[in-house]
Amino acid sequence: MPKGRKTPALEEYARKRDFTKTAEPRAVRRRTAAKLAYVIQKHEASRLHYDLRLELDGVMRSWAVPKGPSMDPAVKRLAVEVEDHPVDYNSFEGTIPEGEYGGGTVMIWDRGTWEYAGDTTSGVAGAKRGLEKGTLEFTLAGKRLKGNWVLIRTRRAGKAQQWLLIKQRDRYASGTIDVTEKYLKSVVTGRTMQAIAEG
Ligand code: MN
């Protein structure tokens, strides 16, 4: 887990994985494109969770969200910051072998682009400052998730940095739609978790 981001991006990612055993992408930083990538991967590992990833500085900043996103602004979802992932990881869907780090099934649950939505500084600089300060307001343009969101850091000390993922009030907010129940198939291949697991 990043502790005050002393670990250089992607080193932790590479250290945790044996690329002779897993088909996950290797640790390569990419040049930042005009639009920043966003993805959520549903990950059935030892515990089911949803990995939210936002591109910044050529890597995917990542949070494991045990219950997944909620469209209800009254609901706060725990989001545990995890190691940066390569941008190539956004197209990874499949199985990680049992016994390897993160062993289990990965589904691309949503994807698209994101942008910083804070009002003090614009663009990447504002996003970096927001993450440093512990409040990141952002807008998602995914296939499934859209509109404004915020990540708020609640605990910096200790092993894992904990954040809360909260939907902001806008026309996409809903207190009645459970998106994790509504969307049970891959946004890319249309496969269920079981179909992905069966390869
Ligand atoms: Mn995961």
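Coordinates for the structure precede this section.
Summary of the structure given here. (Residues numbered from 1 in each chain as written. Predicted model: local features only at pLDDT ≥ 70, side-chain atom pairs only at ≥ 80, totals over all residues. Heavy atoms only, no water.)

Considerations on the pairing of strand β3 (residues 59-65)
At step 1: Among the 7 residues in β3, 7 count as buried, and that is most of the element.
At step 2: Along β3, one buried face is formed by Val-59, Arg-61, Trp-63 and Val-65 and the opposite face, lined by Met-60, Ser-62 and Ala-64, is buried too.
At step 3: Relative to β3, strand β2 (residues 48-56) runs antiparallel, the two sharing 7 bridges. Paired with Asp-51 across the strands is Ala-64, a residue of β3. (Buried < 20%, exposed > 50% of the residue type's maximum accessible area, 1.4 Å probe, protein only. Helix = DSSP H or I, 4+ residues; strand = E, 2+ residues; numbered from the N terminus. Pairing = 2+ DSSP bridges.)

Focus: unusual backbone geometry
At step 1: Positive phi, close to 75°, is recorded for Leu-10, a residue that is not glycine.
At step 2: Note on placement: Leu-10 falls in the segment before α1 (11-15).
At step 3: Residue classification places Leu-10 among the buried residues on the basis of a relative accessible area of 8%.
At step 4: Positive phi values are uncommon outside glycine, yet Asp-57 reaches one of about 55°.
At step 5: Its location among the elements puts Asp-57 in the loop between β2 and β3.

Remarks on helix α2 (residues 123-133)
At step 1: When α2 is considered as a whole, its buried residues turn out to be Gly-126, Ala-127, Gly-130 and Leu-131. Each buried residue of α2 lies within a common arc of 135° when the element is viewed along its axis, so the set occupies one face.
At step 2: Those residues of α2 that are buried are in contact with β2, β3, β6 (104-116), β7 (135-142), β8 (146-155) and β9 (162-167).
At step 3: Gly-134 lies just past α2 and shows a positive phi near 100°. (Arc of directions from axis to C-beta. Contact = heavy atoms within 4.5 Å.)

Description of the coordination of the manganese ion
At step 1: Note on the manganese ion: its protein donors are His-43 (ND1), His-49 (NE2) and Asp-51 (OD). The metal-donor distances range over 2.2 to 2.3 Å.
At step 2: Donor residues for the manganese ion, ordered by position in the chain, follow H-x5-H-x1-D. As far as the burial class goes, His-43 and His-49 line up, both buried. (Donors = N, O, S within 2.8 Å, 3.2 Å for Na, K, Ca; no water.)

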